[in-house]
Amino acid sequence: MKMEFDIRGMDFTRAGEASARIKKALQMVGMKVETIKKTVIVAYEAELNVVIHARQGTMKVRVCPDRVELTVVDEGPGIPDISLALQEGYSTAPPHIREMGFGAGMGLPNIKRCSDELEIESEVGTGTILKAVIINHPDGDSNV
Amino acid sequence: MSEFIHSVKLDREKCKGCTNCIKHCPTEAIRVREGRAIIIEEICIDCGECIRICPNRAKLAITDPLERLHDYRHTIALPAPSLYAQFSAGIMPRHIISALLALGFSDVFEVAVGAEAVSLFLNDFLNQRPHPKPMISSACPAVVRLMQVRFPSLLDQIVPVDTPMEIAARMARERAAGEHGLKDEDIGVFFVTPCPAKVTAVKQPFGNRSYVDGTISMVSIYGELLSRLDAPAISPARRLSTARGVGWGKTGGENRAIKGRSLLAVDGIHNVINLLEEIERGGLQDIDYIEAQACTGGCIGGPLVPQNPYVSRVRMENLLKELAAAEENELPAFPEDPAYYMLPNNITPRPVHKLSDNIDEAISMLEAVENIAADLPGLDCGSCGSPTCRALAEDIVRGFAETSYCVFKLREKLQLLAREIVDLSLLQPPAMGRERGKEEFKK
């Protein structure tokens, strides 16, 4: 089962739409609450990264019984130092984005915290490919 | 489905099968089938949006009639703070309490007093206990049900505190038992409610038990109260709730009573949904507490209130000014034991609308939903009786609908069929000679 979403740079009004759709789909499938919670955060932060930094991108979602795989490919500036970008509070967002309350340097750290597997490939001046996997643990329901 | 008790019901005689309600339901819990609305019990949260929107008045809230007062030796009315905002200027809570007594209740206990006690407890709770941020109010039952259905991952952020209604009911019962030596079963506590969600919260309480025995719809006794406002006044010595408690009847009142910190108030069910989505994405961690109410304006905007909510907002604001001027510094002795206020159990998710219990099957069904949805026109017109094209796709996959329910799909099919009929009509059997039609029609 696959879903695909187009993301456009600077389109803040639509940011969050993809993660809302993904959440609904995962609920209908009956994924664990914990899996859905983590996936929503990863999808939203990844979507937002494209909106803030890139010209455009796509997010592909693959839903399997035991896992959710997210692949986000963008055309953008790329990340020169990935390990630096994964540090909390490190941000390259311009001031006007920070004034909107975004770009606090928590995007990638949040993605890392909520993913079970994470792979980032980036080429400066070309773009970034982010692959995240969230495992649907059978006992992953904190609320039930 | 007896598992779910609801107070919002359909009047089958009045329902015309129009599609107004399905488009406004925040959980997409209504379908129109066979010319009438059907409420899907598993996902209805009793918010009452459909009661508000129905042009034929075919959606009802099931509340108790006043005759139920005869079932008890001692009856106590529990007026919601929003009741105080339903009357003209100059009518004060004490007049309304007198009118309730004249209507036949043995006693009145203000929910606003329960709200004062809960405010104080919440203040301590937020100050002294470690908790995730933001915490979300438990006061609006429609919001809590919404979260059980659509936001299960946020349930542990709801304050595990009982509502002012329950706390007031418990205090009222204990007072009646103490003062009159009554047995618990002789006491009937009736909440005067602005909304159907509270009715359900009494019948199917979040705390697995309710101290309230029945609910009386505000609008159903409004006329009776109006004619009794000149009833003999209650004793001036009686302590009445202050603005701290009464303010809970409108948006912002709860936060005003809790004071300090970083508090956010949101009202209107669709605004609440947007905000909860933001919290779910990891946002708003700088906020301590969220007062969330399903109705615009708060409880004064409930589906069962008689007054226009914008008028009652002004009335409420004026009343609060007067009450605040007289606000006492010392509060009555409220119970101090935290257990008195805490919910005895966790609020658990309600089974969401899963496609199948088998996850493999559910995934292939989801795929089918996506494919059908991509093929539907995407106009979300509602003529099929499902609220959106996606919802129709889901209904088709679940076996509750067919593609031909879509008027556009049906038309497409008819066009194909019509073309085929024309084509067929042009074919002549060889016995009738040449196939003349083709040339003539092609001109």
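See the structure above.
The rules behind each value
Residues numbered from 1 in each chain as written. Chains lettered and ligands numbered in written order. Predicted model: local features only at pLDDT ≥ 70, side-chain atom pairs only at ≥ 80, totals over all residues. Heavy atoms only, no water. Helix = DSSP H or I, 4+ residues; strand = E, 2+ residues; numbered from the N terminus. Buried < 20%, exposed > 50% of the residue type's maximum accessible area, 1.4 Å probe, protein only. Contact = heavy atoms within 4.5 Å. Phe/Tyr/Trp six-rings, centres within 6.5 Å; stacked < 30°, edge-to-face > 60°. Salt bridge = Lys/Arg side-chain N within 4 Å of Asp/Glu carboxyl O. Buried area = accessible area lost by both parts, 1.4 Å probe. Pairing = 2+ DSSP bridges. Expected span 1.5 Å × (residues − 1). Patch = residues over 30% accessible without salt bridge, like charges linked within 9 Å, V, L, I, M, F, W, Y side chains within 5 Å. Areas by Shrake-Rupley, 256 points an atom, 1.4 Å probe, with all protein chains shown as cover. Axes fitted to C-alpha atoms, helices over the stretch in contact; angles between N-to-C directions. Core = buried A, V, L, I, M, F, W, Y, C linked by side-chain atoms within 4.5 Å.

K.L.:
Help me understand the overall build of chain A in this model?
P.N.:
When its secondary structure is counted, chain A shows five helices and five strands. In chain A, the succession of α and β elements from N to C terminus is β-α-α-β-β-α-α-α-β-β. C-alpha atoms of chain A, sized along the principal axes, occupy 40 × 30 × 25 Å. For chain A, with 144 residues in total, the buried portion stands at 49%. Here the analysis covers contacts within chain A between residues at least 6 apart in sequence; of these, 64% occur between residues at least 24 apart.

K.L.:
How should I be thinking about the packing of aromatic side chains in this particular structure?
P.N.:
Any two aromatic rings considered together are summarised by their centre-to-centre distance and by the angle between their planes. Residues and elements named next belong to chain B. Tallied over the full model, the rule gives six aromatic pairs over all chains. Pairing F87 with Y222 gives two aromatic rings, centres 5.2 Å apart and planes at 40°, and the pair type is tilted. Taken together, the positions of F87 in the loop between β5 (74-79) and α3 (93-102) and Y222 in helix α8 (residues 218-226) put the pair 135 residues apart, joining distant regions of the chain. When sorted by exposure, F87 lands in the same class as Y222, which is buried. For the ring pair F121 and Y341, a centre distance of 4.8 Å and an interplane angle of 15° mean the geometry is stacked. Placement of F121 in helix α4 (residues 111-128) and of Y341 in the loop between α12 (309-325) and α13 (359-375) is noted, with a sequence separation of 220 residues between them.

K.L.:
I'm lost on the pattern of salt bridges in this one. Help?
P.N.:
Any two side chains of opposite charge can pair, on the condition that their charged atoms come close. Following the criterion strictly, the structure yields 31 salt bridges over all chains and no others. A salt bridge links D116(A) to K38(A), with the shortest nitrogen-to-oxygen separation between them at 3.7 Å. With D116(A) in the loop between α5 (107-114) and β4 (117-123) and K38(A) in helix α2 (residues 33-53), the pair connects residues that are 78 residues apart, well separated along the chain. Note on D116(A): relative accessible area 35%, which makes it partly exposed. Residue R390(B) pairs with E370(B) through a salt bridge whose shortest N-O separation is 2.9 Å. Of this pair, R390(B) sits in helix α14 (residues 389-398) while E370(B) sits in helix α13, and the two are 20 residues apart along the sequence. Owing to a relative accessible area of 15%, E370(B) belongs among the buried residues under this scheme.

K.L.:
Which parts of the structure should I look at to understand the interface of chain B and chain A?
P.N.:
At the interface, 30 residues of chain B touch 25 residues of chain A. Across the chain B/chain A interface, buried area totals approximately 2200 Å², and carbon plus sulfur atoms make up 61% of it. Here chain B is connected to chain A by four salt bridges. Between E28(B) and K24(A) there is a salt bridge, with the nearest N and O atoms lying 3.9 Å from each other.

K.L.:
How should I be thinking about the environment of P160(B) in this particular structure?
P.N.:
All names here are of chain B. Here P160 shows up in the loop between α5 (141-150) and α6 (164-180). By relative accessible area, P160 is classed as partly exposed at 27%. Remark: the alpha-carbon pair of P160 and P93, spanning 67 residues in sequence, is separated by 30 Å. In this structure, P160 is in contact with F125, M135, Y341, M342 and L343, ignoring residues within four places of it in sequence.

K.L.:
Help me out: how do you make sense of the side chain of S19(A) in this one?
P.N.:
Topologically, S19(A) is positioned in helix α1 (residues 17-29). Using a relative accessible area of 2% as the deciding quantity, one classes S19(A) as buried. Here S19(A) is in contact with V40(A), A43(A), Y44(A), E47(A) and R281(B), once residues within four sequence places are set aside.

K.L.:
Would you explain the pairing of strand β2 (residues 30-33) of chain B in this entry?
P.N.:
Residue and element names in this part refer to chain B. With burial as the criterion, each face of β2 is covered, one bearing I30 and V32 and the other bearing R31 and R33. Sheet analysis places β2 next to strand β3 (residues 36-39), joined by four bridges and oriented antiparallel. Across the sheet, I30 pairs through a bridge with I39, a residue of β3. Between the end of β2 and the start of β3, which pair antiparallel, lie two residues, with E34 showing a positive phi angle near 50°.

K.L.:
How should α1(A) be read in this particular structure?
P.N.:
One turn of an α-helix holds 3.6 residues; hence residues three or four places apart share an orientation. All names here are of chain A. For α1, spanning 13 residues, the distance from its first C-alpha to its last is 19 Å, which sits close to the expected 18 Å at 1.5 Å a residue. The complete set of buried residues in α1 reads A18, S19, I22, K23, A25, L26, Q27, M28 and V29. With its phi angle positive at about 95°, G30 sits one or two positions after the end of α1.

K.L.:
How should I be thinking about a nonpolar patch on the surface in this particular structure?
P.N.:
A contiguous nonpolar surface patch, about 370 Å² in accessible area, is contributed by L410(B), L414(B), L417(B) and I421(B). Position of L410(B) relative to the elements: it lies in helix α15 (residues 407-426).

K.L.:
For this particular structure, what's the right way to read the sheet that holds β4(A)?
P.N.:
Sheet strands line up and pair through hydrogen bonds in the backbone, either parallel or antiparallel. All names here are of chain A. Ordered by their spatial adjacency, five strands build an open sheet running β1-β2-β3-β5-β4, and the pairing between neighbours is antiparallel. Pairing within the sheet leaves two strands with one partner each, and these edge strands are β1 (2-8) and β4. Shown here is a sheet whose adjacent strand axes are inclined to one another by a mean of 10°, direction ignored. Where α2 meets the sheet, its contacts fall on β1, β2 (56-64), β3 (67-75) and β5 (127-135), and the angle it forms with β3 comes to roughly 5°.

K.L.:
Before we go on, may I ask you to explain the sheet that holds strand β8 (residues 187-193) of chain B in this structure?
P.N.:
Residue and element names in this part refer to chain B. With parallel pairing, the four strands of this open sheet are ordered in space as β6-β5-β8-β9. Both outer strands of the open sheet, β6 (107-108) and β9 (214-217), are each paired with one neighbouring strand and no more. Across the sheet, α8 touches β8 and β9, and the angle it forms with β9 is around 65°.

K.L.:
Can you walk me through the nonpolar core in this structure?
P.N.:
It is characteristic of soluble globular proteins that their nonpolar side chains tend to be buried jointly. In this structure, L78(B) and L100(B) are the most contacted members of the largest nonpolar core, which totals 71 residues. Broken down by element, the residue count for this core peaks at ten residues, all from α4(B). Non-local contacts of L100(B), meaning those with residues more than four positions away in its chain, are made with A77(B), P79(B), L83(B), F105(B), V108(B), V192(B), I221(B) and L225(B). Among the nonpolar cores identified, the runner-up in size contains 58 residues, and I41(A), V61(A), V63(A) and L376(B) belong to it.

By themselves these figures say nothing about function.
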